[in-house]
Each structure stands twice: as structure tokens, then as C-alpha cells.
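Chain by chain, the residues:
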2 protein chains.
Amino acid sequence: MAVVPLFSSQIFTLSLPSSRSFSFRKRFSCSSSSNIMEQSIEDESKFKEFPYVTVPHRELMVELVSTVENRLGTSLLPCTLPEHVQYFENETGSAHASLYVRSGNSSSQVDFILGSWVHCNLPTGGALNITSLSAYLKPSTDAPNFLIEVIRSSPTSLILILDLPPRKDLVQHPYYLKTFYEETQLDKQRQLLEKLPEVKPYFSSSLYIRALVSPSAILVSIEAEPSQAIRIDEIIRDHISLVAKVMLDTWLDLCACAERRLTDDESAALEKRDRIIKNKTIEIDLESSFPRLFGQEVANRVLGVLRDIYNA
Amino acid sequence: MAVVPLFSSQIFTLSLPSSRSFSFRKRFSCSSSSNIMEQSIEDESKFKEFPYVTVPHRELMVELVSTVENRLGTSLLPCTLPEHVQYFENETGSAHASLYVRSGNSSSQVDFILGSWVHCNLPTGGALNITSLSAYLKPSTDAPNFLIEVIRSSPTSLILILDLPPRKDLVQHPYYLKTFYEETQLDKQRQLLEKLPEVKPYFSSSLYIRALVSPSAILVSIEAEPSQAIRIDEIIRDHISLVAKVMLDTWLDLCACAERRLTDDESAALEKRDRIIKNKTIEIDLESSFPRLFGQEVANRVLGVLRDIYNA
């Protein structure tokens, strides 16, 4: 799931639409194994540098990515995205992005994990930085996906999206709600952040995005006083990191690494629902924002690959 | 849909769980037609008095009920709830409630409308007042229901739930989201209230309730300064009334009075989903809160009727 429509709310007001968190699969042909290894190392150096964000922000993302990769181990295949999708920028060099995708192997419950960062200089002199990590499961399980997105549009403001987005209609499936949300007490994590005076609920301008997330999703905007940019980094380090770790551990234990027995009909219904989400995501997200952020040529190049992957 | 789990969050902290907004149908045998007329008038006098709330609060509810009844006209059958369900109180007389149900006739899209008020004296010396109006459609249409609930737990605090709860999984049905929520721009109404400094987003303690409502649902708590009880009534009169009217008019035009062509499969799926909601509502709502609010004897009496109606 992409949460890019965030941009069409807050960030578009800066005339800076964006791309981020694309839902796509590594479907294209792989290189030879030694090339894969080289490319994988190169990908990591690009993606995992998170070169434009503050230290606590980078540490948060690196820890989350490492936790997922260490836990899932060799069940994740190396990243083999084409170079121009792994990293790209606009003509003037004012916008940069890195993408990172690793698919699950055939015996994994994981469809793929997807990391991204986007950096854009703002006309106001500041910069917009977005980092995300999402993880998608296969239709062999109905367990929720994982999503974190950290959007820093100024030194003193941050938007956080952190959720285990459900893969079933919770109204029709109260037991699913109970298993993944009530019994895990995920809402306590939301409540922990809500207690901080700088934290306010955030409403995405996209109703579809609001419908996609779970009822215990953390969607918050965090604003510090103009002179207190350091406060945002304190909140990342002392609060968001802890909450994100709990939610990711819950996802790894209960979703990515647990078996769920589904009937063929259930799997088919899941696959259909997952596909609708992906198509809707492309429509409301990438096709509108990408050209504006990276220029038509770069956008076409990257979107071409993404469309192929989505429709594979 | 009942939103009674609200009580298990805010109001239960006052040791005052409650009943309100019950989803039930007029299924029991009717009196003779003259008796129906008399009883209907009596119901109206009880329910429509809203005897314990402030004038603006009463005027809001009366206007909404009148708007629905005038618009739906004779397609609504008279209320024939048994007297002990139309009105009841606890042994000590510290808690009172009135219920009002009118079913749609056979040619109506409306399954039933349900109004309620609850009044309880609080141990602190104040009172809790809840009023609600909900309207449920039949499985012959997939259009959303309507719900308003106004909870005043002190002179200076109010919780408002106002929504057209969807009857389909919005993630799987983007066109449904577009038709009923995006094109109607219902979220603008939420944004209007959000601008008031006294208004904050409200999170029900029940994740199921959060999952039931639409992404443009108005779930807000409104707090005035201790000396400014009048401010809550101003907000009801000058803001909530207008927003509620727009949302009710949208529901009447687009949902209650518009045809939607469904296949038999779609109707069957809707009926199943509607039923799950009703069963879940009884479980998380009435069965736990009712005895505590009205005593076991009254609760049994009322719940007995309600269970029969739910399971009819």
C-alpha cells in the first residue's frame, strides 16, 4: 500500500507532490548470482544511507529495515530493481529518491518488502524528507501488512503513519479484528504517542487511505515550537522508535512468521482485494504525483517499470 | 448500528455504562389500528420531549427526527414498541430512557429508524444525557445508513458521533467510496467542526466501532472552559445543527430516497454483513452495559424484547 496521497494533502500545498512507498514486485529477470550480490550491496549502500535525514530519523529507519531483514533472513531474495528505479533524481538535482525491494522466496509468507526515501529541496529553502518501509504478505495468509512512513516537511514538523493495514473487511470479520488488533493491544501504542503535547491526529486528504488503515493505525502530525527542531528528533528517538519496534515485532511474530490456514476461496478473495488496493494506489498516487516531482521523463522511466511490475 | 461502546470508553469511567441506540426491528404483533394511533402519539410524546437536555440540544434532535419523518412520510409505519421498551427507568429513578422505532413499509428502502434518549444522574451530582437517531436501510439497497449520537457527560463537555456508516468494504469498493463520500464532500462537514478550538478528534475505545464508521465520520469531543457551559450550546446551535442537517439531507437524497439496483448476490452479501453488525452490536454493547445502567430486572425485560427483534 502506498500512502502517497498524503502528499496531495499536506505536501501538495508546497507545490511539491511526490512519490514514495510504491507497491510493486520484483518480477523482472534476475542477473547472474554474482551480479545479484554486487547489485544487492550497491542497493543497500544507496537505500540504507538515508543521506538527507537527521541521525535519529536515519537510525529509526535503519533499525527497522535491519530488524525485518535479520528476522526474515534468507527467505528474502536480493534486491534486483533496475538501477534507474533504485535511485533517481530530477533534472535540476533538487529531488532525489531511492527504492529498495526484496521479494520473499517461494516458501515465505512475505510477498515483498519495500523501502524508500525521497528528498526534495523546497522553494522556501528547507527540504522535504520522506522515508518508508512497508511489507506485503502473500494471499497464502490473510494476516495484515506492515507500514511505516515518516514525513518531515520542516525541521519542526513531522507526519507519522504507522500501521498493520488489515487485509480483510474488519466489520465482516470481528475475529480478525480481535486477533490482530484487540488482543495485540496495538492501540496502546497509539495512545502512548497521543499523550505527547506535540502530537495531534492526522487526517489524510485521501478518504481511500483513511479506509485502508486499521482502527488502531497511528496517523499523527507532530509540531514543535519554531526554535525547538531538536524536539522532533527527541520524539523520534525516545518515543516513535519504541512504538515502531513494538508494532514491527508484533507484525513479525504474528503475521510474517505465523502460519494461517486459508481455503482456496479465502485466498482468491484476498488476492482480489490486494489487487484492488494496488491498482487504486497507482491511480491516486504515482500517476499524479510522480511527474510533478521528478519531471515527466524520469517519471515515465520509473513508472514504466512499476506498471510492468504491478501488472505482472 | 449502536455506538454504545462509547460508554465503555469515556462513560464507563464514571461507572455509568449505558444503553442507547439499539438496532432492532418492529417485528412483534401490532395492536389494532386505533390502538396503534394512540400508542404512536404516546410514543411521540415520550420520545420527542427530550426532557432532560438543554434547549439547543433538544431542538437539534427534534429537527432531525422531524426532517426524517416529514421526508419519509407514510412510508414509515407507526411505532409499536411495547410500553416497557418505549420508556423505562431503574429502580431508584436515577436513570431513564426512551426508545422510538418506526419501520419502513414494504415499498420503502428504509428498514427502520431508531431514536433514543438516556438520562442518568451521576454520582458527582451532574447528569449524563445521550440522544441518538439512526436509520437503517434494507438489503435491497447498498446505500449507507445514518447515525447521530450526542453525548453530554457534563455541562461543558460533549461527544458527537455523526456519520453515514458504509454498508460495504470501502477498500474493495472504491466506486462506493467515491459515490457516497468523495462526491458528496462529506469530509468538508468534519473539517468545519474541526476548525473550532474546542473540538478534538474522539477515539472510541471500541476498535469495532472505529472500523464501522466511514472515513469521513465525525467523531469529536468538545470541551468548553469550566465557566463556559453556554459555549457547548452555542456550538450545538451554530455549528453542529448545520453540519447534521447537511449530512442528513445527503442521506435522505442519496441513500434513503434513491434507487440502487443490486443483484441477488449483492443483496445477500449485504444482508449477511448487516446481520454481523447487529450481532456484534448486541455483544459488545447492550449485554454488558444494560444491566449496569438500569438494573438486572429492567435490563432483562428490555433485552428480552430486543433479542427477539434482533433474531426475528
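Quick notes on the rules
Residues numbered from 1 in each chain as written. Chains lettered and ligands numbered in written order. Predicted model: local features only at pLDDT ≥ 70, side-chain atom pairs only at ≥ 80, totals over all residues. Heavy atoms only, no water. Pairing = 2+ DSSP bridges. Helix = DSSP H or I, 4+ residues; strand = E, 2+ residues; numbered from the N terminus. Axes fitted to C-alpha atoms, helices over the stretch in contact; angles between N-to-C directions. Contact = heavy atoms within 4.5 Å. pLDDT = per-residue confidence, 0-100. Buried area = accessible area lost by both parts, 1.4 Å probe. Salt bridge = Lys/Arg side-chain N within 4 Å of Asp/Glu carboxyl O. Polar contact = N/O pair within 3.5 Å; in protein donor to acceptor, adjacent residues only side chain to side chain. Nonpolar A, V, L, I, M, F, W, Y, C, P; charged D, E, K, R; others polar. Least-squares fit on C-alpha atoms with pLDDT ≥ 70 in both. Buried < 20%, exposed > 50% of the residue type's maximum accessible area, 1.4 Å probe, protein only. Disulfide = S-S within 2.5 Å.

## Side note on the sheet that holds strand β5 (residues 146-154) of chain A
All names here are of chain A. Strand order across the open sheet formed by eight strands is β1-β2-β3-β4-β5-β6-β8-β7, with antiparallel pairing between neighbours. At either end of the open sheet lies a strand with only one pairing partner, and these are β1 (87-89) and β7 (199-201). Across the sheet, the axes of successive neighbouring strands diverge by a mean angle of 15°, strand direction being ignored. In terms of strand pairing, strand β6 (residues 157-163) meets strand β8 (residues 218-223) through six bridges, oriented antiparallel. The residue bridging isoleucine 159 from the neighbouring strand is serine 221, located in β8. Docked against the sheet, helix α3 (residues 55-72) engages β2 (95-103), β3 (110-121), β4 (127-137) and β5, running at close to 15° with respect to β4. Packing against the sheet, helix α8 (residues 229-256) makes contact with β3, β4, β5, β6 and β8, and its axis sits at approximately 10° to β6.

## What about the sheet that holds strand β4 (residues 127-137) of chain B?
Residues and elements named next belong to chain B. Strand order in the open sheet formed by eight strands is β1-β2-β3-β4-β5-β6-β8-β7, and the pairing between neighbours is antiparallel. Each having just a single partner strand, β1 (87-89) and β7 (199-201) make up the two edges of the open sheet. Between one strand axis and the next, the sheet turns through 15° on average, direction left out of account. Along the sheet, helix α3 (residues 55-72) contacts β2 (95-103), β3 (110-121), β4 and β5 (146-154); its crossing angle with β4, the most-contacted strand, is approximately 15°. Those strands touched by helix α6 (residues 187-194) are β6 (157-163), β7 and β8 (218-223), and its axis lies near 10° from that of β8.

## Comments concerning the confidence of the model for chain A
Residues and elements named next belong to chain A. Looking at chain A as a whole, its pLDDT mean stands at 84, while 83% of the residues score no less than 70. Under a pLDDT of 50 for its full length, residues 1-40 has, in the predicted model, 146 contacts with residues more than four places off or in other chains. On the interface metric, ipTM, the complex scores 0.85, and its pTM is 0.87.

## Looking at the interface of chain A and chain B
Every contact between the two is made by 24 residues of chain A and, on the other side, 24 residues of chain B. Summed over both sides, the interface of chain A with chain B buries roughly 2,400 Å², with 68% coming from carbon and sulfur. Measuring nitrogen to oxygen at the nearest pair gives 2.8 Å for the salt bridge that ties aspartate 187 of chain A to arginine 210 of chain B. Seen at the junction of chain A and chain B, the total is eight residue pairs in polar contact (both at pLDDT 80 or more). The set of elements that each furnish at least two residues to the side of chain A that touches chain B consists of α5 (174-182), α6 (187-194), α7 (207-212) and α9 (264-294) of chain A. Sort the elements by how many residues they give to the side of chain A that touches chain B and α7 of chain A lands first, with five residues. Among the residues forming the side of chain A that touches chain B, the class breakdown is 14 nonpolar, two polar and eight charged.

## Some points on the relation of the copies chain A and chain B
It takes a turn of 180° to lay chain A on chain B, together with a shift of 0.0 Å along the axis; the resulting RMSD is 0.0 Å. This pairing of chains is accounted for by a two-fold axis. Taking C-alpha positions as the reference, the residue of chain A nearest the rotation axis is aspartate 169 of chain A, at 2.8 Å. The fraction of interface residues of chain A whose copies in chain B are also interface residues reaches 100%, indicating that both copies meet through the same surface.

## Side note on unusual backbone geometry
All names here are of chain A. At glutamine 185, a residue that is not glycine, the phi angle is positive and equals roughly 50°. Note that glutamine 185 resides in the loop between α5 and α6. Exposure remark for glutamine 185: the relative accessible area of 44% places this residue in the partly exposed category.

## Here's the deal with the pairing of β6 of chain A
Residues and elements named next belong to chain A. The element β6 is extensively covered by neighbouring structure, given that seven of its seven residues are classed as buried. Side chains Ser157, Ile159, Ile161 and Asp163 of β6 all project onto a buried face; the interleaved residues Leu158, Leu160 and Leu162 project onto the opposite face, where all are buried too. As defined by bridge partners, β5 adjoins β6 across six bridges and the pair is classed as antiparallel. The residue of β6 that forms the bridge with leucine 147 is aspartate 163.

## Observations concerning the pairing of β3 of chain A
Residues and elements named next belong to chain A. Most of β3 sits out of view: eleven of its twelve residues are buried. Pairing analysis gives nine bridges linking β2 to β3, with the strands arranged antiparallel. Residue pairing across strands places histidine 96 opposite histidine 119, the latter belonging to β3. What sits between β3 and β4 in their antiparallel hairpin is a turn of five residues, with glycine 125 showing a positive phi close to 105°.

## Focus on the state of the cysteines
Residue and element names in this part refer to chain B. Considering all chains together, one arrives at zero disulfides over all chains under this definition. The thiol sulfur of cysteine 255 is not disulfide-bonded, and the nearest other cysteine sulfur, from cysteine 257, lies at 9.4 Å. Overall, cysteine 255 belongs to the buried group, its relative accessible area being 0%.

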